[in-house]
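Each chain is listed here by its residues.
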Amino acid sequence: MIAWLGTGLLGANFVRALRKRGEEVRLWNRTHAKAEALGREVGASAFENPADAVRGASLVHIAVSADDAVDDLLEKARPGFAPGVIVIDHTTTSPPLTRERVRRWDERGVKFLHAPVMMGPPNALNGTGTMMVSGEKARFDAVAASLKPMTGNLVYVGPAPDRAAAFKLMGNMMLMSMTVAIIEALKLGKAFGMTPAEASSMFEWLQTDGQVPARLKRILEGDFANPYWELHMARKDARLMMEASDQLLAMPGVAAAMDRWIAQGHAHDDWLIISRDAV
């Protein structure tokens, strides 16, 4: 039997998918009415007390908002934990707090895995997207068969309990950064008098396929002395962008990093030298 604690958009669709696969699921949500409504929809029992929801469950899944919510929920659920229960937390959390949480619950005899996801609600319903898991390997092996149908890509990232939390934040940063780049381009187009439709036409012909792995390869190789695009020329373009629009979100920070490296004598190196601090 599975207990699912937290029936927000993501959690609710995970529960729907579990029930479609015939799993017995017990539910809890901070707003009990939401858990009750989902329970009626999928044929699952909803409980007001998390300790009652987890009682008798071999797997307890958590999907709530933040570290403090996870900690509060675990304390409230603790009286109902069955011997040998494995708690799987899908919440996006702080790596240091995750590491401390696992240590604390290990001392209490409760096995814990952190399994954040790169998914939206449709992925949770359809078993697509990526789930990253970190923690003791034996624990992962014990639940891998249960987790695999929940995601299109189940990735064990190692025994360090906080590793999945770190990868989740890195992934979210990548998604945010890519989205900000789109926003920046649209803002620049607006500054040049383009409609959003006109500006977005660039994405139809801008050849970005393969750019991420190609640039990552160059960053990791670290050969910045043979430039594709000299730093001082990239800085000139950044200046033109910021002169055109004072609404850019990220470019001022990029320009400041360029200025630091130019001041250190790297004006004629490849502009990717600004990545050197990262590698």
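What you are looking at is a predicted structure, and each value in this text was computed from that prediction instead of being measured.

**Quick look at the nonpolar core**
Within the largest apolar cluster, 28 residues are counted, with the highest numbers of intra-cluster contacts made by Trp4, Phe14, Leu27 and Met131. Contributions of two or more residues to this core are made by strand 1 (2–5), helix 1 (9–20), strand 2 (25–28), helix 2 (32–42), strand 5 (86–89), strand 8 (130–134) and helix 7 (137–147). Once residues lying within four places of it in the same chain are set aside, the contact partners of leucine 27 are Trp4, Thr7, Val15, Ala35, Leu38, Gly39, Ala44, Ser45, Ala46, Phe47 and Ala53. In terms of nonpolar packing, the next biggest core, distinct from the first, is built from 19 residues, Trp28, Ala53, Val54 and Val60 among them.

**Topic: the environment of valine 64**
Within the secondary structure layout, valine 64 lies in the loop between strand 4 (59–62) and helix 4 (67–77). The class of valine 64 is partly exposed, set by a relative accessible area of 24%. In the structure, valine 64 is positioned 21 residues away from valine 85 in sequence and 19 Å away in space, judged by C-alpha atoms. Not counting residues up to four positions away in its chain, the partners in contact with valine 64 are Leu5, Gly6, Ala69, Val70, Leu73 and Thr91.

**Considering the environment of alanine 44**
Inspection of the secondary structure assignment puts alanine 44 in the loop between helix 2 and strand 3 (45–46). For alanine 44, a relative accessible area of 15% gives the class buried. Expressed as a C-alpha distance, the spacing of alanine 44 and glycine 171, which sit 127 residues apart in the sequence, is 33 Å. Discounting residues that sit within four places of it in the chain, alanine 44 has contacts with Arg19, Val25, Leu27 and Gly39.

**What about the packing of helix 4 against helix 5 (residues 95–107)?**
For the pair helix 4 and helix 5, interaxial distance at closest approach is 11 Å and the crossing angle is 10 degrees. Taken together, the axis directions place helix 4 and helix 5 in an arrangement best described as roughly parallel. Note on element contacts: helix 5 touches helix 4 through Leu97, Thr98, Arg101, Arg104 and Trp105, opposite Asp67, Val70, Asp71, Leu74 and Glu75. In terms of residue class, the contact of helix 4 with helix 5 is built from four nonpolar, one polar and five charged.

**So, the packing of aromatic side chains**
What the rule picks out here adds up to four aromatic pairs. Where phenylalanine 140 meets tyrosine 156, the ring centres are 4.7 Å apart and the plane angle is 25 degrees; that geometry is what we call stacked. In this pair, phenylalanine 140 is assigned in helix 7 and tyrosine 156 in strand 9 (residues 153–158), connecting sequence segments 16 residues apart. Residue classification places tyrosine 156 among the partly exposed residues on the basis of a relative accessible area of 23%. With 5.8 Å between their ring centres and 65 degrees between their planes, tryptophan 229 and tryptophan 271 make a pair best called edge-to-face. Remark: tryptophan 271 occurs in the segment after helix 13 (251–263) and tryptophan 229 occurs in the loop between helix 11 (211–221) and helix 12 (231–244); sequence separation between them is 42 residues. With relative accessibility at 18%, the residue tryptophan 271 sits in the buried group. Between the NZ or CZ atom of lysine 137 and the centre of the ring of tyrosine 156, over which it lies, the distance is 5.7 Å. Just above the ring of tyrosine 228 sits the side chain of arginine 218; from NZ or CZ to the centre is 3.7 Å.

**Considering helix 5**
Taking 1.5 Å of rise per residue, 13 residues should cover 18 Å, and helix 5 covers 19 Å from first to last C-alpha, within 8% of that figure. Listing the buried residues of helix 5 in full gives Pro95, Thr98, Arg101, Val102 and Trp105. One side of helix 5 carries all its buried residues, which in axial view fall inside an arc of 115 degrees. Buried residues along helix 5 sit against helix 4, strand 5, strand 6 (111–114), helix 7 and helix 8 (163–191). Two residues or fewer past helix 5, glycine 109 is found with a positive phi of approximately 80 degrees.

**A short note on a nonpolar patch on the surface**
A cluster of nonpolar side chains, namely Ile182, Leu186, Phe203, Trp205 and Leu206, defines an oily patch on the protein surface of about 480 Å² accessible area. Contributing elements (two or more residues each) for the nonpolar patch: helix 8 and helix 10 (202–205).

**A word on the pairing of strand 2**
With burial as the criterion, each face of strand 2 is covered, one bearing Val25 and Leu27 and the other bearing Arg26 and Trp28. Relative to strand 2, strand 1 is paired through four bridges, and the arrangement is parallel. By the bridge assignment for strand 2, isoleucine 2 is matched with valine 25. Between the parallel pair strand 1 and strand 2, the chain is carried across by helix 1, and the sense of this crossover is right-handed.

**With respect to the environment of glycine 109**
Here glycine 109 lies in the loop between helix 5 and strand 6. On the basis of relative accessibility, which here comes to 55%, the residue glycine 109 falls in the exposed class. Between the C-alpha atoms of glycine 109 and alanine 256, which are 147 residues apart in sequence, the distance is 50 Å.

Conventions used here
- Residues numbered from 1 in each chain as written.
- Predicted model: local features only at pLDDT ≥ 70, side-chain atom pairs only at ≥ 80, totals over all residues.
- Heavy atoms only, no water.
- Core = buried A, V, L, I, M, F, W, Y, C linked by side-chain atoms within 4.5 Å.
- Buried < 20%, exposed > 50% of the residue type's maximum accessible area, 1.4 Å probe, protein only.
- Helix = DSSP H or I, 4+ residues; strand = E, 2+ residues; numbered from the N terminus.
- Contact = heavy atoms within 4.5 Å.
- Axes fitted to C-alpha atoms, helices over the stretch in contact; angles between N-to-C directions.
- Parallel < 35°, antiparallel > 145°, perpendicular 65-115°, else oblique.
- Nonpolar A, V, L, I, M, F, W, Y, C, P; charged D, E, K, R; others polar.
- Phe/Tyr/Trp six-rings, centres within 6.5 Å; stacked < 30°, edge-to-face > 60°.
- Lys NZ or Arg CZ within 6 Å of the ring centre and 35° of its normal.
- Expected span 1.5 Å × (residues − 1).
- Arc of directions from axis to C-beta.
- Patch = residues over 30% accessible without salt bridge, like charges linked within 9 Å, V, L, I, M, F, W, Y side chains within 5 Å.
- Areas by Shrake-Rupley, 256 points an atom, 1.4 Å probe, with all protein chains shown as cover.
- Salt bridge = Lys/Arg side-chain N within 4 Å of Asp/Glu carboxyl O.
- Pairing = 2+ DSSP bridges.
- Right-handed = clockwise from strand over helix to strand, strands pointing away.

By themselves, these figures tell us nothing about what the structure is for.
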